[in-house]
Amino acid sequence: QTMITYYKATCGGTGWGVHFDVLKKTGAMNAIMYLGAVAFTQIAVLNIMTGVFVENSFKNAQPDRHTMALEQRRAHIKEANELHEILKSVDTDGTGNISEDEFIHLSKDPRLNSILEVMGLDIKDAH
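Residues numbered from 1 in each chain as written. Predicted model: local features only at pLDDT ≥ 70, side-chain atom pairs only at ≥ 80, totals over all residues. Heavy atoms only, no water.

J.: Hey, could you run me through the overall build of the protein chain in this one?
T.: When you go through the protein chain residue by residue, the secondary structure sums to six helices and zero strands. Start at the N end of the protein chain and walk to the C end: the helices and strands fall as α-α-α-α-α-α. Burial statistics for the protein chain: of 127 residues in total, 16% are counted as buried. A fraction of 33% describes how many contacts in the protein chain between residues 6 or more apart in sequence connect residues 24 or more apart. As displayed, the protein chain offers around 10200 Å² of accessible surface, 62% of which is attributable to carbon and sulfur atoms. (Helix = DSSP H or I, 4+ residues; strand = E, 2+ residues; numbered from the N terminus. Buried < 20%, exposed > 50% of the residue type's maximum accessible area, 1.4 Å probe, protein only. Contact = heavy atoms within 4.5 Å. Areas by Shrake-Rupley, 256 points an atom, 1.4 Å probe, with all protein chains shown as cover.)

J.: Please explain the nonpolar core as it appears in this structure.
T.: Within soluble globular proteins, side chains that are nonpolar generally end up buried alongside one another. Grouped together as the largest cluster of nonpolar side chains are seven residues: Ile86, Val90, Leu106, Leu112, Leu116, Met119 and Ile123. Secondary-structure elements contributing two or more residues to this core are α4 (65-90) and α6 (110-118). Look past the residues within four positions of Leu116 in its chain and what remains in contact with it is Leu83, Leu106, Leu121 and Ile123. (Core = buried A, V, L, I, M, F, W, Y, C linked by side-chain atoms within 4.5 Å.)

J.: Please clarify how helix α5 (residues 100-108) should be interpreted in this entry.
T.: What sets the pattern is the α-helix's 3.6 residues per turn: residues three or four places apart point alike. Taken residue by residue, α5 has Glu102, Leu106 and Ser107 as its buried positions. The buried residues of α5 all sit within an arc of 140° when viewed along its axis, so they share a single face. In α5, the exposed residues that point more than 90 degrees away from the buried face are Glu100, Asp101, His105 and Lys108. The elements touched by buried residues of α5 are α4 and α6. (Arc of directions from axis to C-beta.)

J.: Which parts of the structure should I look at to understand the pattern of salt bridges?
T.: A complete count under the given rule lists three salt bridges for this structure. Close ionic contact of Arg74 with Glu71 constitutes a salt bridge, the shortest N to O distance being 3.3 Å. Residue Arg74 and its partner Glu71 are located together in helix α4, separated by three residues, close to a single helical turn. Residue Arg74 is classed as partly exposed on the basis of its relative accessible area, which comes to 48%. With a shortest N-O distance of 3.8 Å, Glu85 and Lys88 are connected by a salt bridge. Of this pair, Glu85 and Lys88 both sit in helix α4, three residues apart, roughly one helical turn. (Salt bridge = Lys/Arg side-chain N within 4 Å of Asp/Glu carboxyl O.)

J.: What is the right way to read the side chain of Glu102 from this model?
T.: Position of Glu102 relative to the elements: it lies in helix α5. Despite being buried, Glu102 has no salt bridge partner; Lys88 is the closest side chain of opposite charge, sitting 14 Å away. A distance of 2.9 Å separates a polar atom in the side chain of Glu102 from the backbone nitrogen of Thr92. Setting aside its immediate chain neighbours within four residues, Glu102 contacts Val90, Asp91, Thr92, Asp93 and Asn97. (Lys, Arg positive; Asp, Glu negative; His and termini not counted. Polar contact = N/O pair within 3.5 Å; in protein donor to acceptor, adjacent residues only side chain to side chain.)

J.: Would you mind going over the confidence of the model for the protein chain with me for this structure?
T.: Detailed reading of the predicted coordinates is not advisable wherever pLDDT is low. Within the protein chain, residue pLDDT values average 80, and 86% of them lie at 70 or more. Mean pLDDT across the elements of the protein chain ranges from a minimum in helix α1 (residues 2-11), with 67, to a maximum in α4, with 86. (pLDDT = per-residue confidence, 0-100.)

J.: Please explain helix α3 (residues 28-61) as it appears in this structure.
T.: Between its terminal C-alpha atoms α3 stretches 49 Å, which fits the 50 Å expected from 34 residues at 1.5 Å a residue. Along α3, the residues classified as buried are Ala31, Tyr34, Val38 and Thr41. (Expected span 1.5 Å × (residues − 1).)

Structure below.
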């Protein structure tokens, strides 16, 4: 019967104040221990519920592998297109190939070198 009363008091079945008034008559120490137990239970349950909520929120906030792979693939395609446009602009004679003179011109252009470095390409590696 005591556990049922305690369960009702901590879970909202009956107000804890009803049981507190009865225990208060048996002594201050019993009343204080009862209040401490009810408070501890309420805080523990609230803490567990908060932990579960936060954990689920973090799981839902992280993108899945498929989404991350798709984003990475899109970034690679964008970089490849940018590199293609850069190399097309260097091919001044329109042959579709970069001659040695065109490559030397490319290696001396600081703007193009900066763009290539952002892509992780260092023109010095090609020399």
